[in-house]
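Each chain, written out:
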There are 6 protein chains.
Amino acid sequence: MKRLLITGAGGGIGREARGALAPLAETLRLSDVVDLGEAGANEEIVTADIGDAAAVEALMEGVDGVVHLGGVSVEDAIDPILHANVRGVYNLYEAARMHGRRPRIIFASSNHAIGFHPVTERLDADSVPIADSLYGASKVWGEQIALIYWHKFGIESLRIRIGSVFPEPKDRRMLSTWMSYRDFFSLIRRAFMVPALGCPVVYGASDNSAGWWDNSKTGFLGWRPQDSADRWRAEKEDGAPPGDGEDPAVKYQGGGFAKAGIMRTPRTGGG
Amino acid sequence: MKRLLITGAGGGIGREARGALAPLAETLRLSDVVDLGEAGANEEIVTADIGDAAAVEALMEGVDGVVHLGGVSVEDAIDPILHANVRGVYNLYEAARMHGRRPRIIFASSNHAIGFHPVTERLDADSVPIADSLYGASKVWGEQIALIYWHKFGIESLRIRIGSVFPEPKDRRMLSTWMSYRDFFSLIRRAFMVPALGCPVVYGASDNSAGWWDNSKTGFLGWRPQDSADRWRAEKEDGAPPGDGEDPAVKYQGGGFAKAGIMRTPRTGGG
Amino acid sequence: MKRLLITGAGGGIGREARGALAPLAETLRLSDVVDLGEAGANEEIVTADIGDAAAVEALMEGVDGVVHLGGVSVEDAIDPILHANVRGVYNLYEAARMHGRRPRIIFASSNHAIGFHPVTERLDADSVPIADSLYGASKVWGEQIALIYWHKFGIESLRIRIGSVFPEPKDRRMLSTWMSYRDFFSLIRRAFMVPALGCPVVYGASDNSAGWWDNSKTGFLGWRPQDSADRWRAEKEDGAPPGDGEDPAVKYQGGGFAKAGIMRTPRTGGG
Amino acid sequence: MKRLLITGAGGGIGREARGALAPLAETLRLSDVVDLGEAGANEEIVTADIGDAAAVEALMEGVDGVVHLGGVSVEDAIDPILHANVRGVYNLYEAARMHGRRPRIIFASSNHAIGFHPVTERLDADSVPIADSLYGASKVWGEQIALIYWHKFGIESLRIRIGSVFPEPKDRRMLSTWMSYRDFFSLIRRAFMVPALGCPVVYGASDNSAGWWDNSKTGFLGWRPQDSADRWRAEKEDGAPPGDGEDPAVKYQGGGFAKAGIMRTPRTGGG
Amino acid sequence: MKRLLITGAGGGIGREARGALAPLAETLRLSDVVDLGEAGANEEIVTADIGDAAAVEALMEGVDGVVHLGGVSVEDAIDPILHANVRGVYNLYEAARMHGRRPRIIFASSNHAIGFHPVTERLDADSVPIADSLYGASKVWGEQIALIYWHKFGIESLRIRIGSVFPEPKDRRMLSTWMSYRDFFSLIRRAFMVPALGCPVVYGASDNSAGWWDNSKTGFLGWRPQDSADRWRAEKEDGAPPGDGEDPAVKYQGGGFAKAGIMRTPRTGGG
Amino acid sequence: MKRLLITGAGGGIGREARGALAPLAETLRLSDVVDLGEAGANEEIVTADIGDAAAVEALMEGVDGVVHLGGVSVEDAIDPILHANVRGVYNLYEAARMHGRRPRIIFASSNHAIGFHPVTERLDADSVPIADSLYGASKVWGEQIALIYWHKFGIESLRIRIGSVFPEPKDRRMLSTWMSYRDFFSLIRRAFMVPALGCPVVYGASDNSAGWWDNSKTGFLGWRPQDSADRWRAEKEDGAPPGDGEDPAVKYQGGGFAKAGIMRTPRTGGG
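Residues numbered from 1 in each chain as written. Chains lettered and ligands numbered in written order. Predicted model: local features only at pLDDT ≥ 70, side-chain atom pairs only at ≥ 80, totals over all residues. Heavy atoms only, no water.

1. Section: the relation of the copies chain C and chain E
To be explicit about the condition: Alignment of the copies relies on least squares applied to C-alpha atoms, considering only residues that score at least 70 for pLDDT in both. By definition in these notes, contact holds between two residues if any of their heavy atoms fall within 4.5 Å.
Note on the copies: chain C fits chain E at an RMSD of 0.0 Å, the axial shift is 0.0 Å, and the rotation between them is 180°. Given the turn and translation reported, the copies of this chain are related as if by a two-fold rotation axis. Of the C-alpha atoms belonging to chain C, the one lying closest to the rotation axis is found on Val128 of chain C, 2.6 Å away. Comparing interface residues between copies, 100% of those in chain C also sit at the interface in chain E, which points to an isologous, same-surface contact.

If you want it as structure tokens, here you go:
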């Protein structure tokens, strides 16, 4: 690719993406609402609010690939969710249609789009969404926008229902949901490599023994995770009681998001 | 019920609902952004914008059942969709949680939430949503909000993916999607009658021979449509060529919505 | 048939069977632990305890069809359940193998074999059993005995998961589960008529709008119920509140059986 | 339509089709290898061997709809099957591509394409073919040719797996498979009426209680059979023993075809 | 755990369990009808007949985990099956409810609960039971008792449909069914480790290439077998003819149990 | 086995088979229409046209296993396809019935029997055939002939839908479809080893990350591919643009066969 746009480039995943995805394009265009520092070699830096349509249109100029990590990435009150995620993803696809070069788009959806499925259930790409939060509902919205632009305008997307992308699993739940940076970026690379992509759903998790998600329907991507949360299993389980299966944070795949109430006051900041 | 709230009471279906649903409650509270005229016996009239949280909270006071027909009911630009449908449905459920009497809620979703499934495919309650428009995506959002309030707070909803509720079918497509007023209101009555409702999806169509939707998974509602579009079949088909199966308006269940582009300028008005 | 054996002929259904099934065979052999009175024309009366192997062997002599209604028909303590239902059904099949004329057997299983499925779920012949009581577990056992004798010895059975066979629905739940005598006996007749029976499961309910069970996989029987609980719907629903969906008696298909605890003391009597 | 071609117009169904399908087109072109007598009003008569490519090309000139009933219609030796059915259906589609007006084609497939499914199994449009005879295998071939021309050239077909089209059911098996002429022709009419047809499978049977086939996946056709074999049920079942479930003619949907061996000598005649 | 009860501790698997499961609890309570010898460190030994309710109640006192291996473990006549397996498993769960500390229970079910599925069929956790013997039917009964106590009283169980747990595969069939001790005990450990267990079915087999069972629906357990029968494949297959596919011992997953008749005389001994 | 027949022994796979399958039988009988050179030790060489019934009958004399690689192996005009593949496979099975020793038959079917499924879809043994060519349709025919001889005469077959068997992948598509010789021959060995074979479908591909096919339903074969096209992935993908997803050669599993038209003139030669 000539130019790959990464939104949300200042976030935890975004900072790693800067290095990991550089080989995919001649130029990386990095964007966030926060300051991203100096542009490196083959980088362009653009500060933009994803909820601002005009800014997003400018951002998309001449782009032939997008990794959309921007927006609010945790539960929040309705206002920031609507601004950065609901309106934001619309802005992104509309800009791609008008100003991009029919780019493939990686949409960072979330396990919270399906977070009210119980942990004892196995999901695949045809499982119906059951959001566990306003954040989760905004991801379902984003998955739908991706589908609309695929069917109406032929823009291909990979919709990744991301588990937990961190350097290592932080708690017992992540023994099921954890995804290494390496596995995340290799998945993104596959989406730009396959001859035909379409608009599939894939679950973003490493090869964890206790995983909940079956990616076989998206096997044509040719992606196989290389890492596993199992390495931390003994450490996370030792001495920990098995838990109360009726606690929503234990019972549902969304964990704490499933248990939480509705936030009436926005966090400061957002995506 | 003591008090049943009907939003969007000034729309086409809403006006019919006023009479048809009166037997369900001691008092009907009717609401719309447009003027609804004089309140009749056992009626309360409240003018309110569903996108205005405070107004919706007031609206919900003392309500023990809701038929939510309000909001934008056709494709529109992003601003009215976000205001009346995305924010609107959130306002409604949040008000129900805070000010209602744990009301059952009938959510008027739409076939446009699944409009990019082809007409040659049969759908049921577990079919994944594939919206055909911003309007359709807002209905998927609303279906998710209903699920969130069911799982978090035990508020039950019936999510009706409405076909085409009109006095009679207007065109060939409605031979598959048409729903009579009688069938629509009898379905709503069932949702208030069943001992346990949960939060199921049901497709809103009469007993049309050429229908696309299978409601057997929601059979526990005990609803059987009494009318059929077949009565108008000869009239709508005679002399009409079978059509071009590659035309999106013919190929997809969403019909014209599937074919249309994205509206960049709002219609005047909206829901 | 020459000789049709009806066990449990003194029970509610059994007494009706005496008349309704007479046309199926030259001789009806009627049996129960309780006194059945005088034998009518073309009847033979045998008092026998289904839990007594020798008695059952004698009962089966020369039989070429069985309608097995005998045993305990409600929840009870473990002893009567083991005696009349667990041991009883074994006695019956073993006797059929040794002393019958390879009879087809109608096994009166029960909805309580699947009673812990929620009412919002639709079941069919491949739904896994989830018994709601010791009684229900004994019916699952009986269904397995039927399968064993089919696979090992070619004895065909119809396993009917009976809903509620009564003159009319008694309560709201029976709007879903009720089965008329007429429909029950017409189903039994079909089992003796079809060229090949095998060992299928069928749910025993009339054509109730609010039914939970899909018999299409057993469509080859050619059975169509003629009656419906709907006639009593208004009467059973009027004025009744919709109920608490978390109450096990409302939430699960088994109704009161699902809610009840374990009986440690036998009822007097039994089947 | 201007011109509808009916092949096999001299066979049992073909003779009925001549009258029943006349309203569908300005001109009926009737064809068979046998003499069809005088052309009536709005009829053209062409004698042609479906296995003769040149003859079939001539036959297709100017045609905008085809009902393909021609070919061998019972089990036969390999030579006539290859000539009239395997080569014949290829000739037909190739001629339609080269000389027709992109006609919709009704392909008379057969239940013998799935005849080795047991009678206790319910089939639908996604059931895999299991032919019961060379005849059945030739119908599977024909179904594949229809799919190839749909995917490569956009020629739409209805693939009807016909049960038993006769004036009335002739034996017990036909209580499951019988299809009235009226139902058969109304199905054909639907295939020419629907806006988008594609290339679906539908099972050709009337509304028989003991039917084996579920057409719900092809519900978009809007076809509902009006007749039923049930009217003859008592007559066909009375006094008949239920049969030996291990006899292939009883056990499998294909009946006698499933039981028969391989014919090494052709019948005289054929289609 | 403080105290883990192992029933059937004198059997083949039970003797191995004594060492392998010791790390799971401060105290192992070991029980069987046969003499178990001296108690080791951190062991308690109780001789008890599982069919004796009072003895089982005493056994359960203060237990917070159960591995139920007790009862008859092969086909037998109806009396020992009813005593040790049907009544036995009821005794166990009833005692757990009354006297235990809401223990998780590992129920040793068996492949003979599904033994009349053919070897060419792949099963998963939703496959319906088809017992191949009285023994198999008693395991289906036990699986139902586990479900009843889960739904009524919240007692969690793992229902393991055990293949063949031996030091190594003994015959060709075990190339599909074999499970190493190591894999069996690691599965048990997982059941005590997962935060929420519920009452799932899992098939007990090592990672055998020729296995019949798919455990993906129970993937949340995080169990991956480490051993494989493949190591013995050449040895078991060499020189052995492929076998007669119509022989029930070859055709069905239950092997010899599927082929055997009904035992009318008890083996001496039993569980 | 005493005598294993390999047809098409002069083709690319056939030449490799000569060495690889020698250990399976005392004598290999090798056959083709082309000259196969000198017979080696334990070999018999027979030149025969598979479309010639008498020649095939002679070929089958005394055979107790068949690997049928013969016939046309690429798209061709209707005449050679009918001769070598449609008639050819009939000749083979009919000869096996009449002159063989109830041999197991490996039928080399092809991915072109399912080639019009899109690459984004995952197939398994129950996926319906959708041929992409006349060649593909002839393979569907052959799969049906295998089923007929299994159901009527108990002749077991393995129907392998072969991907691309070559020394190494030749292009990007083969990253999904490639099968090594080693994996192909180990699969054939499994078919002769399993106790019961029946007539299953298996997809012939190595363990390619980007594969489209799920063989778990045929897991009882105990076959696990050892090779993978992944070794050549970088080489085949580097510098290659992802391709146009609407190009039939990219969109469908059949690749170039799906894109090609119908050949009206035979290639010289054929199988």
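Now that the structure has been shown, we can carry on.
2. Side note on helix 1 (residues 12-20) of chain A
Residue and element names in this part refer to chain A. To keep it simple, the criterion reads: Each residue is assigned to one of three classes by its accessible area relative to the maximum for its type, calculated with a 1.4 Å probe on protein chains only: buried under 20%, partly exposed between the two thresholds, exposed over 50%. Helix numbering and strand numbering both begin at the N terminus, where a helix is a DSSP run of H or I of at least 4 residues and a strand a DSSP run of E of at least 2. Note that the arc is defined by the directions from the helix axis to the C-beta atoms.
All of the buried residues in helix 1 are Ile13, Gly14, Ala17 and Arg18. Seen end-on, helix 1 carries its buried residues on one side only, within an arc spanning 150°. Of the exposed residues in helix 1, those oriented more than 90 degrees away from the buried face are Arg15 and Gly19. Contacts made by the buried residues of helix 1 are with strand 1 (3-7), strand 2 (27-32), strand 3 (43-47), strand 7 (164-165) and helix 6 (181-193).

3. Things to note about the pattern of salt bridges
Which entries qualify depends on this criterion: Salt bridges, as used here, are contacts in which a Lys or Arg side-chain nitrogen is within 4 Å of a carboxyl oxygen on Asp or Glu.
The full count for this structure, using the stated rule, is 108 salt bridges over all chains. Between Glu44 of chain A and Arg29 of chain A there is a salt bridge, and its shortest N-O distance comes to 2.7 Å. Taken together, the residues span a long stretch of sequence, with Glu44 of chain A in strand 3 and Arg29 of chain A in strand 2 at a distance of 15 residues. Overall, Glu44 of chain A belongs to the partly exposed group, its relative accessible area being 23%. Arg29 of chain A sits in the buried class, given a relative accessible area of 10%. Taken together, the shared-partner salt bridges in this structure form one network comprising Glu57, Glu94 and Arg97 of chain A together with Arg264 of chain B.

4. Quick look at the interface of chain C and chain E
What counts is decided by this rule: By definition, the buried area sums, over both parts, the 1.4 Å-probe accessible area that each loses when the two are put together. Here a polar contact means two N or O atoms within 3.5 Å. Within protein one must be a hydrogen donor candidate and the other an acceptor candidate, and residues neighboring in sequence count only if both atoms are side-chain atoms.
Contacts between the two partners involve 43 residues from chain C, matched on the other side by 43 residues from chain E. Taken together, the two surfaces of chain C and chain E that pack against each other cover about 3,300 Å², and 67% of this comes from carbon and sulfur. Taken together, chain C and chain E are joined by six salt bridges. For the salt bridge of Asp79 of chain C with Arg87 of chain E, the shortest nitrogen-to-oxygen distance reads 2.8 Å. Applying the counting criterion to the chain C and chain E interface returns 18 residue pairs in polar contact (both at pLDDT 80 or more).

5. Thoughts on the interface of chain E and chain A
Counting residues at the interface gives 15 residues for chain E, matched by 18 residues for chain A. Taken together, both faces of the contact between chain E and chain A bury some 1,300 Å²; the carbon and sulfur share is 50%. Of all residues in chain E, Pro195, Phe220 and Arg224 of chain E give up the largest surface area on contact with chain A, accounting jointly for 40% of the area buried on that side. For the pair chain E and chain A, the interface holds two salt bridges. When the shortest N-O distance is used, the salt bridge between Glu237 of chain A and Arg190 of chain E registers 2.9 Å. Remark: the boundary between chain E and chain A carries six residue pairs in polar contact (both at pLDDT 80 or more). Among the elements that make up the side of chain E that touches chain A, the one with the highest residue count is helix 6 (residues 181-193) of chain E (three residues).

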